[in-house]
Amino acid sequence: MRLGVLYSGGKDSTLAAVLLDRFYDVTLVTAHFGVTDDWKHARATARATDFPFERLQLEPDVAEEAVDRIREDGFPRNGIQLVHQHALERAAEEGYDAVADGTRRDDRVPTVSRAQAQSLEDRHGIDYIAPLSGFGRTAVDRIVEDTLDVTVGPSEEITRADYEAELRALLVEADGEAAIEECFPDHEQTYVTDLR
């Protein structure tokens with residue numbers, strides 16, 4: 001069965017792919033708006049981890065709406081959630097038997113409720129799988145330590161292909177660098193360089 005894993009090149013989505021590889025024909029799918037070429041970072045990780053890779057073009061108006069929400073809220077949660085839901089919908093339309101992501105039990109964003117998962121499955125005739133949904137960050141970090149080579153650092157310094165990178169770029173373009181400090185809290189990101 002063909003499965004598309006929404007993929008950023010980070011530890012959570014990579015671990016999800018590794019866990020599901022035994023049961024599915026996994027393809028790493030990086031959803032992007034074409035604002036930056038950050039998707040290339042995910043492609044590099046896909047090559048290093050020996051998984052097939054595909055790009056998935058998202059609708060530009062969703063990016064604009066997400067940036068508007070981030071600006072209005074003063075934080076990124078609702079904007080990123082909007083993009084993740086759109087990416088799941090787009091992936092479900094691509095002919096996969098199942099779609100997955102690397103969301104964990106303790107993630108604040110993105111999240112997928114049971115009702116959202118069921119709706120996605122029913123409307124598209126696919127399975128939605130969140131293999132890390134029973135794991136908290138500490139458990140994931142322990143597994144990752146033995147499974148993946150990972151670079152960790154501040155969000156603005158780590159190369160990755162998540163939604164945040166393009167939303168940041170759009171926000172800077174519209175409102176300048178100061179908007180990043182106003183809307184995005186300091187946090188760490190990860191970038192996988194290889195399997196162990």
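Before going into details, it helps to say that this report is about the structure given with it.

Conventions used here
- Residues numbered from 1 in each chain as written.
- Predicted model: local features only at pLDDT ≥ 70, side-chain atom pairs only at ≥ 80, totals over all residues.
- Heavy atoms only, no water.
- Buried < 20%, exposed > 50% of the residue type's maximum accessible area, 1.4 Å probe, protein only.
- Helix = DSSP H or I, 4+ residues; strand = E, 2+ residues; numbered from the N terminus.
- Arc of directions from axis to C-beta.
- Phe/Tyr/Trp six-rings, centres within 6.5 Å; stacked < 30°, edge-to-face > 60°.
- Lys NZ or Arg CZ within 6 Å of the ring centre and 35° of its normal.
- Pairing = 2+ DSSP bridges.
- Axes fitted to C-alpha atoms, helices over the stretch in contact; angles between N-to-C directions.
- Contact = heavy atoms within 4.5 Å.

This paragraph deals with helix H2 (residues 39–49). Within the span of H2, buried status applies to Trp39, Ala42, Thr45, Ala46 and Thr49. One side of H2 carries all its buried residues, which in axial view fall inside an arc of 120°.

Tallied over the full model, the rule gives one aromatic pair. Consider the rings of Trp39 and Phe53, whose centres lie 6.5 Å apart with planes at 15°: the pair is stacked. Linking Trp39 in helix H2 with Phe53 in strand S3 (residues 53–57), this pair joins segments that are 14 residues apart in sequence. One Lys or Arg, Arg55, reaches over the ring of Trp39 and ends 3.8 Å from the middle of that ring. Above the plane of the ring of Phe184 lies Arg168, whose end atom (NZ or CZ) is 4.7 Å from the centre.

What follows is about the sheet that holds strand S1 (residues 2–6). Hydrogen bonding along the main chain pairs the strands of a sheet, whether they run parallel or antiparallel. Taken together, five strands build an open sheet; the order of strands is S3-S2-S1-S4-S5 and the sheet is parallel. With partners counted over all chains shown, the strands left at the sheet margins are S3 and strand S5 (127–129), one partner each. Between one strand axis and the next, the sheet turns through 30° on average, direction left out of account. By the bridge criterion, three bridges tie S1 to strand S4 (residues 98–100) in an arrangement that is parallel. Across the sheet, the residue bridging to Leu3 is Ala98, located in S4. Its contacts with the sheet put helix H1 (residues 11–20) on S1, strand S2 (25–32), S4 and S5, and the angle it makes with S1 is roughly 165°.

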